[in-house]
Amino acid sequence: MDESGRSAQPPSNDDETADPNTTPDPPAPEKATEPSAPGAPEAAEPPHPHPEQAPSQAGTGHRPAHAAPYGDPTDEHPADGHERTLAHSGGARGARGTRPPQPPPEPRGGLLMGRPFGVPVYVAPSWFLVAALITWVFGGQLDRVLPELGAARYLVSLFFAVAFYASVLVHELAHTVAAIRFKLPVRRIQLQFFGGVSEIEKEAETPGREFVLAFVGPLLSLVLAGLFYLALQPVEPGTVPGVLLAGLMISNLIVAAFNLLPGLPLDGGRMLRAVVWKITGRPMSGTIAAAWVGRALAVAVLIGLPLLTQSGALGSTAEDSVGMDTVTDALLAAILAAIIWTGAGNSLRIARLREHLPELRARTLTRRAVPVHTDTPLSEALRRANDAGARALVVVDADGEPLSLVREAAIVGVPEHRRPWVAVSGLAQEITDGMRVSAELAGEALLEVLRATPATEYLVVEETGEIYGVLSAADVERAFVKAMARPS
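Basis of the calculations
Residues numbered from 1 in each chain as written. Predicted model: local features only at pLDDT ≥ 70, side-chain atom pairs only at ≥ 80, totals over all residues. Heavy atoms only, no water. Helix = DSSP H or I, 4+ residues; strand = E, 2+ residues; numbered from the N terminus. Areas by Shrake-Rupley, 256 points an atom, 1.4 Å probe, with all protein chains shown as cover. Pairing = 2+ DSSP bridges. Axes fitted to C-alpha atoms, helices over the stretch in contact; angles between N-to-C directions. Contact = heavy atoms within 4.5 Å. Polar contact = N/O pair within 3.5 Å; in protein donor to acceptor, adjacent residues only side chain to side chain. Buried < 20%, exposed > 50% of the residue type's maximum accessible area, 1.4 Å probe, protein only. Arc of directions from axis to C-beta. Phe/Tyr/Trp six-rings, centres within 6.5 Å; stacked < 30°, edge-to-face > 60°. Lys NZ or Arg CZ within 6 Å of the ring centre and 35° of its normal. Patch = residues over 30% accessible without salt bridge, like charges linked within 9 Å, V, L, I, M, F, W, Y side chains within 5 Å. Salt bridge = Lys/Arg side-chain N within 4 Å of Asp/Glu carboxyl O. Right-handed = clockwise from strand over helix to strand, strands pointing away.

**Here's the deal with the overall build of the chain**
For the chain, the helix and strand inventory stands at 12 helices and 11 strands. Just so you have it, the chain exposes about 21700 Å², and 62% of that area is on carbon and sulfur atoms.

What follows is the structure, encoded as structure tokens:
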């Protein structure tokens with residue numbers, strides 16, 4: 001089944017095992033996934049010192065007015081009722097390798113088949129299972145229609161399975177071409193059990209584009225059904241070409257009809273979402289409406305498909321729908337219902353994630369920092385930070401230019417009695433180009449920068465190059481989790 005919805009997952013926290021110098025990928029943007037075939041047949045800010053001021057000054061950068069000196073940077077009142085300074089922040093959760101929001105590990109793509117339009121197409125291992133199932137089922141049908149084929153009917157059935165999934169690929173390529181036309185990056189196409197997946201990394205900017213992006217898939221399936229119908233006209237019925245063309249025509253009609261059902265994660269659900277989005281002006285409203293319709297469809301499939309089969313409405317008699325056939329129909333209905341229900345729920349979760357992503361702003365999450373020279377003892381640096389109410393240390397040269405960032409995790413590892421004898425330079429990480437973050441970054445743009453250069457701390461700078469402060473990956477994660485916990 002073609003899937004073009006979007007997938008991301010709330011962050012996981014592996015504080016105890018993560019390398020403090022690494023930051024796994026933040027949540028990837030949405031990716032499209034619609035089932036394509038039901039199987040076979042701001043406030044004013046106080047000024048902050050210039051980076052070229054001497055290290056003994058109060059601080060470099062600024063702590064946002066609503067940021068606490070420890071814990072959640074968006075919490076105005078620390079849980080224990082008093083401010084925790086940098087020197088005492090070692091026990092704070094996330095000090096050791098906490099990482100910003102990240103998606104689950106991306107599943108392996110399977111067997112790479114090619115790169116049409118520059119997009120990799122993979123065949124998942126589950127495809128071979130469904131191909132074998134289609135070969136077996138269609139082979140049984142051929143035995144009744146063309147008994148003279150004998151065992152060769154399974155070769156014909158295998159050809160049908162491959163041709164059917166080639167049609168599914170065309171359906172997915174329609175989504176891909178539309179996405180490329182709208183300048184939306186497509187990560188990959190994957191053919192798998194129950195159809196295919198077009199993984200589109202970003203959401204359409206307008207409801208009109210969302211509607212077109214969803215509609216082109218079923219439209220191409222209808223076009224293919226029409227082409228197979230035209231090709232069937234000169235072919236003699238009851239022959240192998242006639243049976244294959246008829247089967248492909250019907251299969252593509254089923255793919256188109258199924259995907260036009262108005263519930264997420266189906267194409268029709270995305271079309272419904274676009275319509276509600278256009279009417280209300282809020283994409284989240286469209287997602288909620290289409291997701292709940294999708295859940296209703298899941299229940300309808302679970303109950304209705306076996307009943308339709310037993311009633312003979314799908315072409316079989318009640319006498320035929322007994323025993324293993326009844327069990328097979330119920331199992332198929334349960335799998336389809338589970339896929340639709342899960343896809344609808346994922347669509348809701350990802351929409352909420354995208355709605356809250358703009359709340360992640362570098363400027364509001366940044367910690368106030370103080371500049372120190374390379375040979376400054378750690379104890380003295382912490383004293384200056386505490387006097388300034390800062391929670392980060394930036395190592396600078398004689399001209400006040402930033403050289404490195406003192407890692408909070410490294411501070412935690414130095415016993416207090418050793419701190420007067422340890423220079424901050426030995427605990428610092430050199431600032432690379434990727435570790436310089438603009439204070440204006442927010443949402444997906446901010447996460448993309450963090451994803452490109454994994455680290456535990458980043459230097460935040462103004463557009464003029466002036467130091468604003470230090471951004472901790474731990475603070476980004478906590479803000480992300482807190483935002484996701486709030487209702488939409």
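**Focus on the sheet that holds strand S11 (residues 467–472)**
Within a sheet, neighbouring strands are paired by backbone hydrogen bonds and run either parallel or antiparallel to one another. Here we have three strands laid out as an open sheet, ordered S9-S10-S11, and mixed in their pairing. Of all strands in the sheet, those with a lone pairing partner are strand S9 (436–438) and S11, marking the two edges. Adjacent strand axes in the sheet meet at a mean angle of 35°, parallel and antiparallel pairs treated alike. Taken together, the three bridges between S9 and strand S10 (residues 457–461) define a ladder with parallel strand orientation. Within the sheet, the bridge partner assigned to Val437 lies in S10 and is Val460. Contacts from helix H11 (residues 443–452) reach S9, S10 and S11 within the one sheet, and its direction differs from that of S9 by about 175°.

**What to know about the side chain of Ser167**
If you trace the backbone, Ser167 turns up in helix H2 (residues 153–181). There is a polar contact of 3.3 Å between the side chain of Ser167 and the side chain of Asn252. Every residue in contact with Ser167, bar those within four places of it in the chain, is listed here: Leu224, Phe228 and Asn252.

**With respect to the sheet that holds strand S6 (residues 392–396)**
Read from one edge to the other, the open sheet built from four strands follows the order S5-S6-S7-S8, with strand pairing classed as mixed. One side of each edge strand has no neighbouring strand; the edge strands of this open sheet are strand S5 (369–373) and strand S8 (428–430). Across the sheet, the axes of successive neighbouring strands diverge by a mean angle of 35°, strand direction being ignored. Sheet analysis places S5 next to S6, joined by five bridges and oriented parallel. In the sheet register, His373 faces S6, and the bridge partner there is Val396. Along the sheet, helix H9 (residues 378–388) makes contact with S5 and S6, crossing S5 at roughly 150°.

**Details of H11**
The complete set of buried residues in H11 reads Gly443, Leu446, Leu447 and Leu450. When H11 is viewed along its axis, its buried side chains cluster within an angular range of 95° and face the same direction. Where H11 is buried, its residues touch helix H8 (362–365), S9, S10, S11 and helix H12 (473–485).

**Observations regarding the environment of Phe159**
Topologically, Phe159 is positioned in helix H2. Looking at Phe159, the relative accessible area reads 52%, which means it is exposed. Sequence-wise, Phe159 and Leu244 are 85 residues apart; in three dimensions their C-alpha atoms are separated by 8.8 Å.

**Regarding the packing of aromatic side chains**
Tallied over the full model, the rule gives six aromatic pairs. Between Trp127 and Phe128 the ring centres are 5.1 Å apart and the planes differ by 80°, which places this aromatic pair in the edge-to-face class. Using a relative accessible area of 12% as the deciding quantity, one classes Trp127 as buried. Residue Phe128 is classed as partly exposed on the basis of its relative accessible area of 46%. Members of the aromatic cluster, each reached through a chain of ring pairs, are Trp127, Phe128, Phe138, Phe160, Phe164 and Tyr165. The ring of Trp341 is capped by Arg295, whose NZ or CZ atom sits 5.2 Å from the centre of that ring. The side chain of Arg363 reaches across the aromatic face of Tyr468, ending 4.9 Å from its centre.

**Some points on a nonpolar patch on the surface**
A contiguous nonpolar surface patch, about 470 Å² in accessible area, is contributed by Leu219, Val223, Leu227, Tyr229 and Leu230. Its place among the elements puts Leu219 in helix H3 (residues 207–232).

**A few points about the pattern of salt bridges**
Any two side chains of opposite charge can pair, on the condition that their charged atoms come close. Here the structure, examined in full by the defined rule, presents 15 salt bridges. Of the charged contacts in the structure, one is a salt bridge between Glu462 and Arg363, with a shortest N-O distance of 3.0 Å. Of this pair, Glu462 sits in the loop between S10 and S11 while Arg363 sits in helix H8, and the two are 99 residues apart along the sequence. In this pair, the class of Glu462 matches that of Arg363, namely buried. Of the charged contacts in the structure, one is a salt bridge between Arg367 and Glu408, with a shortest N-O distance of 2.9 Å. Of the two residues, Arg367 is situated in the loop between H8 and S5 and Glu408 in helix H10 (residues 408–412); the sequence distance between them amounts to 41 residues. Comparing Arg367 with Glu408, the two get one shared label, buried. Each of the salt bridges in this network shares a partner with another, and the network as a whole consists of Glu203, Glu210, Arg270 and Arg273.

**A closer look at the pairing of S10**
Extensive coverage of S10 is indicated by the burial of five of its five residues. The alternating pattern of S10 places Glu457, Leu459 and Val461 on one face and Tyr458 and Val460 on the opposite face, and all of these are buried. Considered for its hand, the β-α-β crossover made up of S9, H11 and S10 is right-handed. Relative to S11, S10 is paired through five bridges, and the arrangement is antiparallel. Counted as the bridge partner of Tyr458 is Leu471 from S11. What sits between S10 and S11 in their antiparallel hairpin is a turn of five residues, with Gly465 showing a positive phi close to 95°.

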